[in-house]
Amino acid sequence: MRHLNIIAGVAVLGLLPIQAQARSLYWERIDVRIEVQPDSTLDVTEVQEYVFDGAWNGGYRDLPLSKVDHYDDIEVWEGNTQYTPGSVKHRGGYVLEKHGNSLHVKWRSREVSDPPYQDAHVVFTLKYKVYGALNYGSAYDELYWKTLFAERDASINLANIQIVLPEGVNSEDIRASFFGYAQTSAIKQIEGRNIHMAAQQVPPGEDVEVKVRFPTGFVRHTFSVKRFVNEKLIYPLLIWTVLLVLAGMIYDFLRHGREPHVARYAEYVSEPPSDLRPGVAGTLIDERATIKEVVATILDLASRGYLHIEEYSSRSWLHTSRDFRITMEKAPDVGDLTEYEEEVLSGLGLSRAGDSTMLSDLKNKFYTTALAVSKLLDREVARCGLFDNSPSLTRWAYVGAGFLVLIGIVAALLDASMSIGQGVMVFLRIFAGLIGLGVLVYVLLTCGAQPNRRRWLHGAVAGTAILFALGINPGTLLHITGYGAVIAAAIISAIIVWCFVPVMPRRTLEGAKQQAKWEAFRRYLQNLRQYGDVAQAQQIIDKYLPYAVAFGIERDMIAQFAPLAEVAAPTWYGSAHYRGADFSGTPISTAGAHSAGSVPSLQSVSDGIFSMVNSMSSTLTSTPGGSGGSGGGGGGGGGGGGGGGGGW
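Parameters at a glance
Residues numbered from 1 in each chain as written. Predicted model: local features only at pLDDT ≥ 70, side-chain atom pairs only at ≥ 80, totals over all residues. Heavy atoms only, no water. Helix = DSSP H or I, 4+ residues; strand = E, 2+ residues; numbered from the N terminus. Buried < 20%, exposed > 50% of the residue type's maximum accessible area, 1.4 Å probe, protein only. Areas by Shrake-Rupley, 256 points an atom, 1.4 Å probe, with all protein chains shown as cover. Pairing = 2+ DSSP bridges. Core = buried A, V, L, I, M, F, W, Y, C linked by side-chain atoms within 4.5 Å. Expected span 1.5 Å × (residues − 1). Contact = heavy atoms within 4.5 Å. pLDDT = per-residue confidence, 0-100. Axes fitted to C-alpha atoms, helices over the stretch in contact; angles between N-to-C directions. Parallel < 35°, antiparallel > 145°, perpendicular 65-115°, else oblique. Left-handed = near helix turned anticlockwise from the far one by under 90°. Nonpolar A, V, L, I, M, F, W, Y, C, P; charged D, E, K, R; others polar. Patch = residues over 30% accessible without salt bridge, like charges linked within 9 Å, V, L, I, M, F, W, Y side chains within 5 Å. Salt bridge = Lys/Arg side-chain N within 4 Å of Asp/Glu carboxyl O. Phe/Tyr/Trp six-rings, centres within 6.5 Å; stacked < 30°, edge-to-face > 60°.

1. Quick notes on the overall build of the chain
Item 1. Scanning the chain from N- to C-terminus turns up 15 helices and 24 strands.
Item 2. For the chain, the proportion of its 648 residues judged to be buried stands at 48%.
Item 3. Carbon together with sulfur atoms contributes 56% to the accessible area of the chain, which is approximately 30,800 Å² in total.

Below, the structure written as structure tokens:
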């Protein structure tokens, strides 16, 4: 029995923290009085009787900002005690914040050190004035209002609603109806200019919405710019913004991105149509310099006698392991090589005849050289007059333009006074200000440089970002509430710009002519047997394999000649095979000399060549830690009011 008492005591102690943390609330009663003033404003008084149980700090009320112009004269009371605005650190204070599409009113009724509530009935009174809530018509005016808010987690036992219309309105001219939770809602009485309604046992998530129509002429019609913008203008404006961005990009493509029209040069040409090296020719056709252009440059240096590549393979029962030795056969003279070719040799660590390196030793090391060579090739096609500008710089310019469009739309139309999380808006405004200042400095520093057709975009974004940071942008001044639609339109607009990124690099007329010629040479290499050049197979393999790699068709080219016994591997390629799992010991056969008799057949080394290209592509781009790779208007639909409320 003693042991049972101890266990029971431990269980009770274990439950105490859970019981201490448990809390609940509901509304015993809510009384709402809405008085329509002759100046079209609403004086609203909400008396809310909370029933707290547990460690609640106070209550809150979310007043929707849609369907109204603004709120003013907000007061919070507990009984006969009026709360003071500014802070909720201590009891008797309240704060106002914009949370999305709502004005968040939050108040504290209990100090942290006070004991928790125990079935406490606490009466709060919330008073506020609403501007721009009425809808106007030619024959009648309308109050369309959610008197009980739906966004709450607790029920309301009893609700009384009173609507007071302006002096002179007669009951027989009033039309009133309920919407929302109407199961226990009823219009109790319409007497003179007073309308009395009631509802009972309103569950969480349900609202009570009323629509009251009365003859025009009793209130002054006022125009609400904010309501007009949010209800009539914002969505058409956002749609037109997206369409304008699309139209602008189509125009920009037609003027600056569309290729010059050039007639098909020929079905094929049997030799390189100009002196472009493989890396440059591949970049011309693909509009981008990738690792295949870098590999093609290495093989081109080999085909021109500067390098020799030898395959080292070790066969076991399960698989074949391969590595490749790259040896410098002769050192280039000054001026023999281009800048990107010199960069390749430097990255390989080869500077004089006899220097060599294993491909595997370049893993996680050569990737910086690969990036540098890609950039140099990208610049080379522009320097040669084949493109208006560097293709990669053009693409990145439009990627940046997409971000500028996104930032510009958000900065122009987002309400900077809105609270969207702890310090999030403060961060966004500071970030926007820094972006705006940075772009403005860039515009000022480059205004004397060569013409930039996107400078107007830079200036517009700089201006709107700075206005957003200062809180005087259009979105803040007009209190635009559809922030989700604004962000969506900005993202869609940016995506439209980004969709044009791949097609914006533009070849010059000479570049388009060269592309047509090199495409003909590419077709020739891809269909050699069709064009009947089998007799020249050995010379083609020796000289043009680097071009095939640059064009991405090396497999197609080799497959056409590999079955021919008389076709040997390129003279700059050799192979050595070893027994075992490594490359130690004596090779079974070696073919590294450049004489025709010692060079293996193309059939015997085709797998090795494919492996060499693949190994170079992966090894030369590998990086440490991972693998490589490259208001007002009449009769508006829906009413104001509603929102949410509860405790915290």
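So that's the structure; there's more coming.
2. A closer look at the pairing of strand E3 (residues 58–64)
Item 1. E3 sits mainly inside the fold: 7 of its 7 residues count as buried.
Item 2. Covered by surrounding structure in E3 are Gly58, Tyr60, Asp62 and Pro64 together with Gly59, Arg61 and Leu63, the residues of both alternating faces.
Item 3. Summarising the sheet, E3 and strand E8 (residues 102–108) pair through 7 bridges and their orientation is antiparallel. Residue pairing for E8: Asp62 is matched across the bridge by His104.
Item 4. Relative to strand E24 (residues 644–647), E3 runs antiparallel, the two sharing 4 bridges. In the strand pairing of E24, Arg61 is matched with Gly645.

3. What to know about the nonpolar core
Item 1. With 69 residues, the main nonpolar core has Leu307, Ile309, Leu525, Phe551, Met612 and Met616 as its most contacted residues.
Item 2. Counting 54 residues, the second largest nonpolar core, distinct from the first, contains Phe149, Ala154, Ile174 and Val202.

4. Quick look at helix H9 (residues 455–470)
Item 1. A rise of 1.5 Å per residue sets the reference length of H9, with its 16 residues, at 22 Å; its end C-alpha atoms lie 23 Å apart and thus fit the reference within 8%.
Item 2. Among all positions in H9, only Arg455, Leu457, His458, Val461, Ala462, Thr464, Ala465 and Phe468 are buried.
Item 3. On its buried side, H9 packs onto helix H7 (391–413) and helix H8 (424–446).
Item 4. Following H9 by one or two positions, Gly471 has its phi on the positive side, about 75°.

5. Here's the deal with the confidence of the model for the chain
Item 1. The predicted model of the chain has a mean per-residue pLDDT of 84, with 85% of residues at 70 or higher.
Item 2. pLDDT under 50 marks residues 6–20. Its contacts with residues more than four places away, or in other chains, come to 0 contacts.
Item 3. Confidence over residues 578–598 falls short of pLDDT 50; this stretch has 44 contacts with residues more than four positions distant or in other chains.

6. Focus: the pairing of strand E4 (residues 70–78)
Item 1. Pairing analysis gives 7 bridges linking E4 to strand E9 (residues 117–131), with the strands arranged antiparallel. Bridge pairing links Glu78 to Phe124 in E9.
Item 2. Note that E4 and strand E5 (residues 81–82) share 2 bridges and pair antiparallel. Bridging from a neighbouring strand, Glu78 pairs with Thr81 of E5.
Item 3. Turn length for the E4-E5 hairpin, with the two strands adjacent in sequence and antiparallel, is 2 residues, and the turn residue Gly79 shows positive phi of about 60°.

7. As for the packing of H7 against helix H11 (residues 483–499)
Axes are the key here: two packed helices are described by the angle between their axes and the distance separating the axes.
Item 1. The geometry of H7 relative to H11 is characterised by a closest axis approach of 8 Å and an angle of 165° between their N-to-C directions. For the element pair H7 / H11, the angle class is roughly antiparallel. The two elements H7 and H11 meet at a crossing, and its hand is right-handed. Residues Tyr398, Val399, Ala401, Gly402, Phe403, Val405, Leu406, Ile409, Val410 and Leu413 of H7 touch H11, and the partners they reach there are Val486, Ala489, Ala490, Ile491, Ser493, Ala494, Val497 and Trp498.
Item 2. Class assignment of the residues belonging to the contact of H7 with H11 gives a composition of 16 nonpolar, 2 polar and no charged.

8. Thoughts on a nonpolar patch on the surface
Item 1. Together, Ile239, Trp240, Leu243, Leu246, Ile250 and Leu254 give the surface a local cluster of nonpolar side chains, amounting to about 590 Å² of exposed area.
Item 2. Relative to the assigned elements, Ile250 resides in helix H2 (residues 225–257).
Item 3. The class of Ile250 is partly exposed, set by a relative accessible area of 40%.

9. Digging into the packing of aromatic side chains
Item 1. Scanning all chains against the criterion turns up 23 aromatic pairs.
Item 2. Ring centres of Trp27 and Phe149 lie 5.7 Å apart, and the angle between their planes is 75°; on these two criteria the pair is classed as edge-to-face. With Trp27 in strand E1 (residues 24–36) and Phe149 in the loop between strand E11 (140–148) and strand E12 (156–164), the pair connects residues that are 122 residues apart, well separated along the chain. Phe149 matches Trp27 in its accessibility class, with the two residues each being buried.
Item 3. With a centroid separation of 5.8 Å and 15° between ring planes, the pair formed by Tyr268 and Tyr524 is classed as stacked. Separated by 256 residues along the polypeptide, Tyr268 in the loop between H2 and helix H3 (278–286) and Tyr524 in helix H12 (residues 509–526) bring together distant segments of the chain.

10. Brief notes about the sheet that holds E5
Item 1. Across the sheet, which stays open at both edges, the 8 strands sit in the order E5-E4-E9-E2-E1-E12-E15-E14 with mixed pairing between neighbours. The open sheet has two edge strands, E5 and strand E14 (186–191), and neither has a second partner.

11. Overview of unusual backbone geometry
Item 1. With a phi angle near 80°, Ser40 is a residue other than glycine that sits in the positive phi range.
Item 2. Phi is positive for His479, close to 50°, though the residue is something other than glycine.
Item 3. Take His479: it is sitting in the loop between helix H10 (474–477) and H11.
Item 4. His479 sits in the partly exposed class, given a relative accessible area of 30%.

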